[in-house]
Amino acid sequence: MKKKTSKIRLSTFKFLLFLPILLLSFCDSNLEEPFLNSENKLTKDSKVLLLMKAAIQNDSDQKLTKNKSALSKSTATEDDDQCTHFLYPMTFEVYSRDDSNPDLKKINSDEELIAFIDAFTFEEELSIASTPNYELYIFFPITLLDADGVETELGNLTELEGTLQMAVEACASLNDDSSDGNDDGNDDDDDDDYDDDDDGSNDGDNNDSDDDSDDDVGIHNAHFDVDTSHLVYDFNDGETDAHTHEYDEKYDTNIVDYFNILNDDNKKKKGLRNINDFEFGVPNDSEQFYIIIANAELSQDVQLKINGNLISVLDYQNKVDAYLNGDHNALETYSLGGSSDATQLTSLKFVVGLDASSVQNGLIPTETKAVVKNTPGPNDEYRDGALLIQAININKMSLNPSLGVADQDAHLYWESTIFWHVKQEDNDTVIDNYRNSDYEYCDKKKKKVSICHKGKTICVSVNAIWGHMQHHKDDYLGSCDD
């Protein structure tokens, strides 16, 4: 019996020695792909990529910064136009689904970062990946520097996006010389005058739904309206051809697809028009046109998706500005049919950020009547500053240099505007708060902002705004009230 027991124990011992080998073999077979943290994954339309580009653009003219070496504390100086900087190197991991071995890409300058983001965003060939079938991951921590070289360390995508959002907004606000404006229209019924639901039984339900929840597909805490038109008007003259109230709520979307714009079947006669609609759009496949964007600086949380490629509306408007400054190659020539000298336009969309109503310069709020009747904005913006897109015949391409939109000499095919609003009784307050920036200077370099913290005004770096507000819910931007 003892010998038998001994044999059992010995075989058990041998099995226990062999068990780790089996487990290791099994683990190896399941770890052929590298372990990647999904929380650090970036997609082509990740908002944080646009914010990273915006953070390293010149705040005064939105042009790319000139050549710079990797930043250190000593290089973030008072003379730099940027008010926030990345501390390099920064590391990304590119994982090709055709290759289990990921490639590491170290970024050492602003120029490298912008080129890398553009390559990924526009599906161009990355220098480290020969296939478009790849995923992108970012390594943390990421460190930001302010104008004094003070470091702010960010540990995840939520912190990075939130911090960059507020830093970019603050930088733009602190360099904005625009004056405060007041809205003239206080018509209590102005939304109803142009609401496509005026005659419908759901009008009351739509008003109640202004208090949007994050569960809705449309933008959070507000709704956006969409208009289309085909004529050029002077200020306070003429009206848009069609208007849809609460487009995102009505159709459960944050996207306006201008080749498949959504309309109520029983209201087609007054419904919104696609860019390729014969009556109010580009009439045939051969006619060539330019696409222009205007008022983008007031709605920077919107992207233009043109032929499948995403670009921020502000970046696209920079192309329009270049055209106005004499670079007639800045804008691409399009036609619906395509040709040797024109790119075929097959897709045109506005993609609105879900939080566009809750961030400064996300998507502009305004009153429906002001947009429809082309009331000038506080700084004489066309259609009260609503985000605007136009298609203009290239042979009669003429832009108002101060407004950046088609003038009376242009052959305008088609136009659309989008903007957001909240409950009518809150409109005046929302618009006033949005256009009169809460950010204010608090240092000689004009790189820091005031926050009211526990009843006392303090001065903080733009990189610290988001983190500060996250941890002190009762604090608010601007100096403390008297």
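What you see is a predicted model, and the numbers here were worked out from it, not measured in a lab. (Residues numbered from 1 in each chain as written. Predicted model: local features only at pLDDT ≥ 70, side-chain atom pairs only at ≥ 80, totals over all residues. Heavy atoms only, no water.)

## Observations regarding helix 2 (residues 47-55)
1) Next: Most of helix 2 sits out of view: eight of its nine residues are buried.
2) Next: When we look at burial in helix 2, the residues that qualify are Lys-47, Val-48, Leu-49, Leu-51, Met-52, Lys-53, Ala-54 and Ala-55. (Buried < 20%, exposed > 50% of the residue type's maximum accessible area, 1.4 Å probe, protein only. Helix = DSSP H or I, 4+ residues; strand = E, 2+ residues; numbered from the N terminus.)

## Observations concerning the sheet that holds strand 21 (residues 476-477)
Strand-to-strand pairing in sheets goes through backbone hydrogen bonds, with the strands running parallel or antiparallel.
1) Next: Strand order in the open sheet formed by three strands is 20-19-21, and the pairing between neighbours is antiparallel. Edge positions in the open sheet fall to strand 20 (456-461) and strand 21, since each of these has one partner strand only.
2) Next: As judged from the six bridges shared by strand 19 (residues 448-453) and strand 20, these two strands associate in the antiparallel manner. What sits directly across from Cys-452, in strand 20, is Thr-457. (Pairing = 2+ DSSP bridges.)

## Some details on helix 8 (residues 313-324)
Turn by turn, an α-helix covers 3.6 residues, leaving residues three or four places apart pointing in a common direction.
1) Next: Under the 1.5 Å per step criterion, the end-to-end length of helix 8 is 16 Å for 12 residues, consistent within 8% with the ideal 16 Å.
2) Next: Considered for burial, the residues of helix 8 that qualify are Val-313, Leu-314, Asp-315, Tyr-316, Gln-317, Val-320 and Tyr-323.
3) Next: Where helix 8 is buried, its residues contact helix 2, strand 11 (289-294), strand 12 (302-306), strand 13 (309-312), strand 16 (348-352) and strand 17 (387-393).
4) Next: Gly-326 occupies a position one or two residues after helix 8 and carries a positive phi of about 110°. (Expected span 1.5 Å × (residues − 1). Contact = heavy atoms within 4.5 Å.)

## Here we look at the pairing of strand 19
1) Next: With respect to burial, strand 19 is a largely interior element, five of its six residues being buried.
2) Next: Linkage of strand 19 to strand 20, two consecutive antiparallel strands, is achieved through a turn of two residues, within which Lys-454 is found at a positive phi near 50°.
3) Next: As defined by bridge partners, strand 19 adjoins strand 21 across two bridges and the pair is classed as antiparallel. The partner of Ile-451 across the bridge, within strand 21, is Leu-477.

## Observations concerning the sheet that holds strand 6 (residues 142-145)
1) Next: With antiparallel pairing, three strands are arranged side by side in an open sheet as 2-6-7. Bordering the open sheet on either side are strand 2 (85-86) and strand 7 (151-154), each of which pairs with just one other strand.
2) Next: Of the strand pairs in this sheet, strand 6 and strand 7 are connected by four bridges, and their pairing is antiparallel. Within the sheet, the bridge partner assigned to Ile-142 lies in strand 7 and is Leu-154.

## So, the pattern of salt bridges
1) Next: Scanning all chains against the criterion turns up six salt bridges.
2) Next: Linking Glu-135 and Lys-41 is a salt bridge whose minimum nitrogen-to-oxygen distance equals 3.3 Å. With a gap of 94 residues between them, Glu-135 in strand 5 (residues 134-138) and Lys-41 in strand 1 (residues 41-42) connect regions that are remote in the sequence.
3) Next: We classify Lys-41 as partly exposed; its relative accessible area is 32%.
4) Next: Linking Glu-279 and Arg-273 is a salt bridge whose minimum nitrogen-to-oxygen distance equals 3.3 Å.
5) Next: Glu-279 gets classed as exposed once you look at its relative accessible area, which sits at 53%.
6) Next: Exposure remark for Arg-273: the relative accessible area of 16% places this residue in the buried category.
7) Next: The network of salt bridges with shared partners includes Lys-53, Asp-118 and Asp-315. (Salt bridge = Lys/Arg side-chain N within 4 Å of Asp/Glu carboxyl O.)

## Observations concerning unusual backbone geometry
1) Next: Omega for the bond connecting Tyr-88 with Pro-89 falls within 30 degrees of zero, at 5°, which places this linkage in the cis form.
2) Next: With respect to the helices, strands and loops of the structure, Pro-89 is situated in the loop between strand 2 and strand 3 (90-96).
3) Next: Here the bond from Phe-140 into Pro-141 is cis, since omega is 10°, no more than 30 degrees from zero.
4) Next: Within the secondary structure layout, Pro-141 lies in the loop between strand 5 and strand 6.
5) Next: Phi angles above zero are rare outside glycine, and Asn-374 is one such case at about 60°.
6) Next: Along the chain, the position of Asn-374 falls in the loop between helix 9 (368-372) and strand 17.

## Structural notes on the confidence of the model for the chain
1) Next: Confidence in the prediction for the chain averages 75 pLDDT; 69% of positions are at 70 or higher.
2) Next: In the model, residues 19-35 has pLDDT below 50 throughout and makes five contacts with residues more than four positions away in sequence or in other chains.
3) Next: This model gives residues 177-215 a pLDDT under 50, and the stretch forms 75 contacts once residues within four places in sequence are excluded. (pLDDT = per-residue confidence, 0-100.)

## Regarding the layout of surface pockets
1) Next: Taken as a whole, the second largest pocket holds about 550 Å³ of empty space.
2) Next: Taken together, 32 residues make up the lining of the second largest pocket; nearest its centre are Lys-47, Leu-50, Gln-300, Asp-301 and Gln-303.
3) Next: Breaking the lining of the second largest pocket down by element, the ones donating at least two residues are helix 2, helix 4 (157-174), strand 12, strand 13, helix 8 and strand 16.
4) Next: Looking at the lining of the second largest pocket element by element, the count peaks at five residues for helix 2.
5) Next: Looking at the lining of the second largest pocket residue by residue, the class counts come to 12 nonpolar, 10 polar and 10 charged. (1 Å grid on protein atoms, 1.4 Å probe; cavity = no way out; pocket = protein on both sides within 12 Å on 5 of 7 lines; lining within 4 Å. Points joined across faces, edges and corners; volume = space filled by probe spheres on them. Nonpolar A, V, L, I, M, F, W, Y, C, P; charged D, E, K, R; others polar.)

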